[in-house]
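Notes for the structure review
Read off the chains here:
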Amino acid sequence: MKAVILAAGYGTRLQRDVDNDSTGRFQHLSGVSKPLLPVGQRALISHWVSALTVSGCVDGIYVVTNAVYHKAFEEWASQFSIVKVLSDHTRSNEDRLGAVACLQLTIKHFKIEDHVIVIGGDTLFLEDFSLKTVEGTFSALQVQCGDNSLVLSYQCKEEETHKYGILEVDEDLRVLCMKEKPTAAETESRRACPCFYVLSKKCLHLLDDFLESKKDFPIQDRDAPGNFVSWLIQRRPVYTHEISGRFDVGNLPSYIECDLYFKEKLKNVESYLV
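Residues numbered from 1 in each chain as written. Predicted model: local features only at pLDDT ≥ 70, side-chain atom pairs only at ≥ 80, totals over all residues. Heavy atoms only, no water.

Section: the nonpolar core
As a reminder of what qualifies: In this text, buried Ala, Val, Leu, Ile, Met, Phe, Trp, Tyr and Cys residues form a nonpolar core when linked through side-chain atoms within 4.5 Å. Accessibility here uses a 1.4 Å probe with only protein chains present; expressed as a share of the type maximum, an area under 20% marks a residue as buried, one over 50% as exposed, and anything in between as partly exposed. Put simply, DSSP marks the helices as runs of H or I at least four residues long and the strands as runs of E at least two long, and each gets a number from the N terminus on. In this analysis, two residues are considered to be in contact whenever any of their non-hydrogen atoms come within 4.5 Å of each other.
Grouped together as the largest cluster of nonpolar side chains are 61 residues, with contacts concentrated most on Trp48, Trp76, Ile117, Leu124, Phe129 and Phe196. For this core, the element with the highest residue contribution is helix α2 (residues 44-55), accounting for 6 residues. Every residue in contact with Phe196, bar those within four places of it in the chain, is listed here: Trp48, Ile117, Val118, Ile119, Phe125, Phe129, Leu131, Val134, Val151 and Leu152. Residues Ile107, Cys193, Cys195 and Cys203 belong to the second largest nonpolar core, which totals 34 residues.

Things to note about the packing of helix α1 (residues 12-20) against helix α8 (residues 252-264)
Our working rule: Axis definition: a line fit to C-alpha positions, over the contact stretch in the case of helices; interaxial angles, taken between N-to-C directions, run 0 to 180 degrees. An angle below 35 degrees is treated as roughly parallel, one above 145 as roughly antiparallel, one from 65 to 115 as roughly perpendicular, and anything else as oblique. Basically, the charged four are Asp, Glu, Lys and Arg, the nonpolar ten are Ala, Val, Leu, Ile, Met, Phe, Trp, Tyr, Cys and Pro, and anything else, Gly included, counts as polar.
One way to put it is that α1 packs onto α8 with a least axis distance of 8 Å and a crossing angle of 90°. By the angle between their directions, the pair α1 and α8 is classed as roughly perpendicular. On α8, the residues that touch Leu14, Asp17 and Val18 of α1 are Leu252, Pro253 and Tyr255. Of the residues in the contact of α1 with α8, the class split is 5 nonpolar, no polar and 1 charged.

Observations regarding the pattern of salt bridges
Where charged atoms of side chains with opposite charge meet at close range, the side chains can pair. For clarity, the cut-off: Any Lys or Arg side-chain nitrogen found within 4 Å of a carboxyl oxygen on Asp or Glu counts as a salt bridge.
For the structure on display, the rule yields 12 salt bridges. With a shortest N-O distance of 3.0 Å, Asp59 and Lys2 are connected by a salt bridge. In this pair, Asp59 sits in the loop between α2 and β4 (61-65) while Lys2 sits in strand β1 (residues 2-7), placing the two residues 57 residues apart along the sequence. Residues Glu242 and Arg191 are paired through a salt bridge, measuring 2.7 Å at the closest nitrogen-oxygen approach. Of this pair, Glu242 sits in strand β13 (residues 238-242) while Arg191 sits in strand β11 (residues 191-192), and the two are 51 residues apart along the sequence. Overlapping salt bridges, with partners in common, bring together Lys2, Asp59 and Asp114 in one network.

As for the pairing of strand β8 (residues 149-155)
To keep it simple, the criterion reads: The pairing criterion is simple: DSSP has to find at least two bridges between the two strands.
Of all 7 residues making up β8, 6 are buried, and the element is well covered by its neighbours. Where β8 lies against β13, 5 bridges are found, and the strand directions are parallel. Of the residues in β13, the one forming a bridge with Val151 is Thr240. Judged from the 2 bridges that link them, β8 and strand β12 (residues 196-199) form a sheet pairing that is antiparallel. Following the sheet pairing, Leu150 is matched in β12 by Val198. Bridge analysis of β8 against β11 gives 2 bridges, and the strand direction is antiparallel. Residue pairing across strands places Tyr154 opposite Ala192, the latter belonging to β11.

Here we look at the packing of aromatic side chains
Where we set the bar: In summary, the pairing rule links any two rings of Phe, Tyr or Trp, Trp by its six-membered ring, whose centres are within 6.5 Å, and it sorts them by plane angle into stacked for under 30 degrees, edge-to-face for over 60 and tilted for everything else. Each ring is checked for a lysine NZ or an arginine CZ that lies within 6 Å of its centre and within 35 degrees of its normal; such an atom marks a charge sitting over the ring.
This model, assessed by the stated rule, comprises 17 aromatic pairs. Both rings, one in Phe129 and one in Phe196, keep their centres 5.5 Å apart while their planes meet at 75°; by these two values the pair is edge-to-face. Linking Phe129 in the loop between β7 (123-125) and α5 (131-144) with Phe196 in strand β12, this pair joins segments that are 67 residues apart in sequence. In this structure, Lys214 is placed above the aromatic ring of Phe217, and the distance from its NZ or CZ to the ring centre is 4.9 Å.

Comments concerning helix α7 (residues 225-233)
By the criterion of burial, α7 is predominantly enclosed, with 8 of the 9 residues buried. Turning to α7, its buried residues are Pro225, Gly226, Asn227, Phe228, Val229, Trp231, Leu232 and Ile233.

The structure is reproduced here in structure tokens:
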């Protein structure tokens, strides 16, 4: 299995918050890509690389970023022999390829023909999350059918459904559909779906079909990886594995909350996510 970490975003909300912060406490974060932000004892993305390596569930980690942050990621990756970095060659948020196109680019560039764990580079999970458990769930699904893929979900608050992609599932936890940012009245489900997917190698070629079908649409319709997952659910079996929650580093308050948790509450950084 391989892992692809999506890190080509420009973090415009966070950078705006840092620039507007009057305290000056966070100026050291100016110009830093979100996955490279210090979270506790290490960069956010390093938590994933450490756990993926220790768990032994992948034999390759690929990070796709943009031309602005490429050098910084190359310097960061020099400490990890298992990590390879790829630039999408864009230089602004307006010219971005979108996460799905970046995933496709990475798979084609590195000729990946294995199952793929796709991870949002600005996302971390609560301490009870386990890569080994997720790997076990995916392996069991693969025994049933090689087309099966796996996504995660956690229970969000009723007033938060409009922020997330919400999964509706059957009694076997097969996903029936993903509703994009619905109101609480539009769905009974509270299963929010974070950017962490285990995609069967048998469905990777469908990235081409998805992007071809969306080529004339605005970037918003093909940017977020959840758009591909929502499309995939209607064509291949996708199941969900429930977790307790996540950190989504989107702005300065959410970063401060995440960093504080890792500094004060994380019990064992070495076993985190493993």
